[in-house]
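Chain and residue survey
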There are 2 protein chains.
Amino acid sequence: MFFTLKKTDAKTKARLGVIRTFHGEIESPFFMPVGTRATVRTLSSEDLHQIGASIELSNTYHLYVRPGLDIIENAGGLHKFMNWNKPILTDSGGFQVFSLTKLRKITDDGVRFQSHVDGKQLFLSPEVVMHIQKVLGSDMVMPLDECAPYPSEKVAAAAAVKRTTDWAIRSKEAFIKTKMREAGQFNFGIIQGATYKHLREQSAREIINVGFDGYAIGGVSVGEPVKDMFETLDWVMPMMPGDSPRYFMGIGMPDQIVKAVGMGIDMFDTVLPTRYGRYGTAFTSVGRVNIHNGEFAKDLSPVDANCDCITCRNYTRSYIRHLFNVDEILGLRLLAYHNVHFYIKLMGRIREAIAQDRYAVFQHEFLSQYQSELLGDEHAKTV
Amino acid sequence: MFFTLKKTDAKTKARLGVIRTFHGEIESPFFMPVGTRATVRTLSSEDLHQIGASIELSNTYHLYVRPGLDIIENAGGLHKFMNWNKPILTDSGGFQVFSLTKLRKITDDGVRFQSHVDGKQLFLSPEVVMHIQKVLGSDMVMPLDECAPYPSEKVAAAAAVKRTTDWAIRSKEAFIKTKMREAGQFNFGIIQGATYKHLREQSAREIINVGFDGYAIGGVSVGEPVKDMFETLDWVMPMMPGDSPRYFMGIGMPDQIVKAVGMGIDMFDTVLPTRYGRYGTAFTSVGRVNIHNGEFAKDLSPVDANCDCITCRNYTRSYIRHLFNVDEILGLRLLAYHNVHFYIKLMGRIREAIAQDRYAVFQHEFLSQYQSELLGDEHAKTV
């Protein structure tokens, strides 16, 4: 049994579950730190274990470009290559092919494009993407999809939905034919449809009809207003099978995660904790804190007074601000560590609240506290 | 008792000793990882503890410029500011004032100069440098000296020696007057004299005559040939008091350290392990290894087969090479960690060899193995 639904919260749609893979179990809802290129920026796998991460996410497209499949195959798969023995989910790279590459030629067969690194001609098809992920040995694999940009004309969005479904069918066939399940892998379908209700519903219907181990809502957080992002959930969540995990791709801010869990989402990933950390912003229990701020020059308190991570136990805002001022890498690392820890601990608090049937109260408390930000947070306020 | 000489090797001048400070003991000979700006590049203080570092070195000039004295004073000193509870030695910044700053005006009183960061007018004198280090709370403090560049005319080098002695006298007076010993601090004298035998001898005589807790040989590793660097030791080491620690400033490559220990040096510092680590070069038992090298693309062995550090226990050359190829910070960190570990473990092996009266054999074995480098090492061969 890949996914087991353990319970649903009494007053919200929040769910408690567990995913079982060959590399261990993951309690849901959960957050996947993003290690696009087989490393979660600035953090070691020892750090991730220490933080309590139960899964890591990497990117098929990026790893295909660099280091290349032969090098990861030589290491015996992605787990061994990056020294991470817990579960890995690999995104297909559909989003990256459409956002990063130049001179791409999309046909029903697949996408021919130039590597964004060295201009080398590459080709990805649903079958190639499945093959790559088989070699990577990811515990959860994503199919190649067509992610329509924001904004998209209805005709273009409809074409992307059709292609995504066609490719989903071929992905599943390749998954079966190459015995990926037997190798301990589980496959997801991705729902597209941009900001159009009937397209989202059509995509959900078609993808669920193909049948996957889990379902992802893709093509979100691509620049659309936050309310549109959540409207997508209003449309598709009622259609989702209850016995499969639901993954809101690339989401999001802590308050967005809290809200999406209440709507029945189980899985999240985002580069925000590491990216914001590198830019000097910490996620804290009272909102975001920009460590560059002059008021922290002599602030001897930790980044987050309510946090027990190594960064907060050992280093002050004053010191970390200094590290950023002098461009010292340790600053990026300490904030990235704290931020990923913040996300992981948030998921633990979320699961605890669901287990105790008090998710509605938790959600209300979290959002009211989180929005009372130190430095103002227009993003949080739009949720 | 600040320094206790425990024994001298039977066949070489290598010495085993111990330095006692308010922040703990340090077995000598020892290496000080360099945390110029209150952080050893890419490493946390937890990393340094794990590696087994017993002391850290920071820079008075750099900390005076950024974050500024008030911010470190506010934290209760440098130890608390950077979360390092073991001993700290702070270099005076003499070298940096003469190498980094523009528009400097040197008088017998001190140096007036523009900050290399923001052009702000600053002034350092022997008394100011002592005051800064008193506030920093360094366990070992260095006096402001004048470091002649390489090459230097004899007249200029002689003037630098005279000024260095004058400033050493004033530094000691300030040290006594402001009761730094009572605050648990120990002071060093710095011997200058460029590449001139009689100036080196004059400087050593004068500085030793002033009288300090320890003696440093400065103005080395400033671009002169390696043989000139060691010739300086030939000249001054016979003059050094046996009951004080001897510090070869800014030295050096592993083989240079091994050689200098055999000549009676007790203390070392260099940015090489972290700097080379950031550039992709690892120090190993068989010499330097450049991780960028294509031959490592599929090399599943650790950076150094004879190393038990976290980097070598958990990550392959293939993976670390990938991290460098995609500019991931973890790569810099893993190699810096390994390199500092290499230096710290090397000092442990050095002390063990001296304790067993087999330093001559150790030195011979190390140099013959280390020089048989994987990738050639012109630097090692010149020693």
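Because the structure is predicted, anything quoted here is derived from the model rather than measured.

Looking only at helices and strands, chain A features 16 helices and 16 strands. The C-alpha radius of gyration computed for chain A amounts to 20 Å, which stays within 12% of the reference 21 Å derived for 383 residues, consistent with globular compactness. Taking the principal axes of the C-alpha coordinates as reference, chain A spans close to 60 × 50 × 40 Å. When burial is assessed residue by residue, chain A has 62% of its 383 residues classed as buried. Summarising the internal contacts of chain A: among those between residues at least 6 apart in sequence, 67% fall at separations of at least 24. Separation between the mean location of the 44 positive side-chain charges and that of the 43 negative ones in chain A comes to 1 Å.

Here we take up the sheet that holds strand β12 (residues 214-217) of chain A. Residue and element names in this part refer to chain A. Spatially, eight strands are ordered β4-β14-β13-β12-β11-β10-β6-β5 in an open sheet, and the strand pairing comes out parallel. Each edge of the open sheet is held by one strand with a lone partner, namely β4 (30-33) and β5 (56-59). In the sheet, β4 pairs with strand β14 (residues 267-270) via four bridges, with the strands oriented parallel. By the bridge assignment for β14, P33 is matched with T270.

Moving on, we get to the pairing of strand β3 (residues 24-28) of chain A. Residue and element names in this part refer to chain A. In this structure, strand β2 (residues 15-21) lies alongside β3, joined through five bridges in antiparallel fashion. Paired with T21 across the strands is G24, a residue of β3. Here β2 folds back onto β3 in antiparallel fashion, the turn holding two residues.

With that settled, the discussion passes to the sheet that holds strand β2 (residues 15-21) of chain B. Sheet strands associate in pairs through backbone hydrogen bonding, adopting either a parallel or an antiparallel arrangement. All names here are of chain B. With antiparallel pairing, three strands are arranged side by side in an open sheet as β1-β2-β3. Strands at the two margins of the open sheet, each flanked by one partner only, are β1 (3-8) and β3 (24-28). For this sheet the average axis-to-axis angle between neighbouring strands, irrespective of direction, equals 15°. Here helix α14 (residues 329-355) sits on the sheet in contact with β1, β2 and β3, set at roughly 120° to β2.

In this section: the pattern of salt bridges. Where charged atoms of side chains with opposite charge meet at close range, the side chains can pair. All names here are of chain B. In total, this model carries 36 salt bridges over all chains according to the counting rule given. Among the ionic pairs, E27 bridges to K6, the shortest N-O distance being 2.7 Å. Here E27, found in strand β3, pairs with K6, found in strand β1; they are 21 residues apart in sequence, far enough to count as distant. Given a relative accessible area of 45%, K6 falls into the partly exposed group. Taking the shortest distance from any N to any O, the salt bridge between K227 and D228 comes out at 2.9 Å.

All names here are of chain B. Of note, I190 is situated in strand β11 (residues 186-191). Note on I190: relative accessible area 1%, which makes it buried. C-alpha of I190 to C-alpha of S244: the two residues are 54 residues apart in sequence and 13 Å apart in space. Once you skip the residues sitting within four places of it in the chain, I190 turns out to touch M142, P143, D145, T164, S203, I207, A216, G218 and M249.

What follows is about the relation of the copies chain B and chain A. Between the two copies, chain B and chain A, the superposition gives an RMSD of 0.0 Å; the rotation angle is 180° and the shift along the axis is 0.0 Å. The two molecules are tied by a two-fold rotation axis, judged by turn and shift. For chain B, the smallest separation between a C-alpha atom and the rotation axis is recorded for I329 of chain B, amounting to 3.9 Å. The overlap is high: 97% of the interface residues of chain B also sit at the interface in chain A, so the same surface is used on both sides.

Let us now look at the packing of aromatic side chains. All names here are of chain A. Summed over the entire model, instances satisfying the criterion amount to 32 aromatic pairs over all chains. With a centroid separation of 6.2 Å and an interplanar angle of 85°, the aromatic rings of F2 and F188 are classed as edge-to-face. Here F2, found in the segment before β1 (3-8), pairs with F188, found in strand β11 (residues 186-191); they are 186 residues apart in sequence, far enough to count as distant. Here F2 matches F188 in class, with each residue buried. One aromatic cluster is present, built from ring pairs that chain together F31, Y276, F283, F342 and Y343. Positioned above the aromatic ring of F230 is the side chain of K259, whose terminal nitrogen or guanidinium carbon lies 5.1 Å from the ring centre.

What follows is about the nonpolar core. In terms of nonpolar packing, the biggest core is built from 194 residues, with F248, F268 and I350 of chain A together with F248, F268 and I350 of chain B touching the most fellow members. Ignoring anything within four residues of it in the chain, the contact list for F248 of chain B reads I217, V220, M229, F230, L233, A260, I265, M267, F268 and D269 of chain B.

Quick look at the interface of chain B and chain A now. Taken together, the contact between chain B and chain A spans 37 residues of the former and 36 residues of the latter. Both sides together, the interface formed by chain B and chain A hides about 3400 Å², and carbon and sulfur atoms give 55% of it. Of the charged contacts in the structure, one is a salt bridge between R37 of chain B and E328 of chain A, with a shortest N-O distance of 3.8 Å. Remark: the boundary between chain B and chain A carries 24 residue pairs in polar contact (both at pLDDT 80 or more). Looking at the side of chain B that touches chain A, the elements that each hand over two or more residues are α1 (45-51), α3 (69-75), α4 (78-82), α12 (310-314), α13 (317-325) and α14 of chain B. At five residues, α13 of chain B tops the list of elements feeding residues into the side of chain B that touches chain A. Of the residues contributing to the side of chain B that touches chain A, the split by class is 18 nonpolar, ten polar and nine charged.

Along an α-helix, a turn takes 3.6 residues, which lines up residues three or four apart on a common side. Residue and element names in this part refer to chain A. With 24 residues, helix α7 (residues 154-177) ought to run about 34 Å at 1.5 Å a step, and its terminal C-alpha atoms sit 34 Å apart, in line with that. All of the buried residues in α7 are A157, A160, V161, R163, T164, T165, W167, A168, R170, S171, A174 and F175. In the stretch just after α7, K179 is the one whose phi turns positive, near 55°.

Right, let's get into the packing of helix α6 (residues 126-136) of chain B against helix α7 (residues 154-177) of chain B. All names here are of chain B. Closest axis-to-axis distance for the α6/α7 pair is 8 Å, and the angle between their directions is 40°. Relative to α7, the element α6 lies oblique. The two elements α6 and α7 cross, and the hand of that crossing is right-handed. Across the interface between the two elements, P126, E127 and M130 of α6 pack against W167, R170, S171, A174 and F175 of α7. For the contact of α6 with α7, the class distribution of residues is five nonpolar, one polar and two charged.

So, about the pairing of strand β6 (residues 88-91) of chain B. Residue and element names in this part refer to chain B. Side chains I88 and T90 of β6 all project onto a buried face; the interleaved residues L89 and D91 project onto the opposite face, where all are buried too. Two strands pair when backbone bridges link them, and strand β5 (residues 56-59) and β6 are joined in this way by four bridges, in the parallel orientation. Paired with L57 across the bridge in β6 is L89.

Scoring rules and cut-offs
Residues numbered from 1 in each chain as written. Chains lettered and ligands numbered in written order. Predicted model: local features only at pLDDT ≥ 70, side-chain atom pairs only at ≥ 80, totals over all residues. Heavy atoms only, no water. Helix = DSSP H or I, 4+ residues; strand = E, 2+ residues; numbered from the N terminus. Rg over C-alpha atoms; globule rule 2.2 N^0.38 Å. Buried < 20%, exposed > 50% of the residue type's maximum accessible area, 1.4 Å probe, protein only. Contact = heavy atoms within 4.5 Å. Lys, Arg positive; Asp, Glu negative; His and termini not counted. Charge placed at Lys NZ, Arg CZ, Asp CG, Glu CD. Pairing = 2+ DSSP bridges. Axes fitted to C-alpha atoms, helices over the stretch in contact; angles between N-to-C directions. Salt bridge = Lys/Arg side-chain N within 4 Å of Asp/Glu carboxyl O. Least-squares fit on C-alpha atoms with pLDDT ≥ 70 in both. Phe/Tyr/Trp six-rings, centres within 6.5 Å; stacked < 30°, edge-to-face > 60°. Lys NZ or Arg CZ within 6 Å of the ring centre and 35° of its normal. Core = buried A, V, L, I, M, F, W, Y, C linked by side-chain atoms within 4.5 Å. Buried area = accessible area lost by both parts, 1.4 Å probe. Polar contact = N/O pair within 3.5 Å; in protein donor to acceptor, adjacent residues only side chain to side chain. Nonpolar A, V, L, I, M, F, W, Y, C, P; charged D, E, K, R; others polar. Expected span 1.5 Å × (residues − 1). Parallel < 35°, antiparallel > 145°, perpendicular 65-115°, else oblique. Left-handed = near helix turned anticlockwise from the far one by under 90°.

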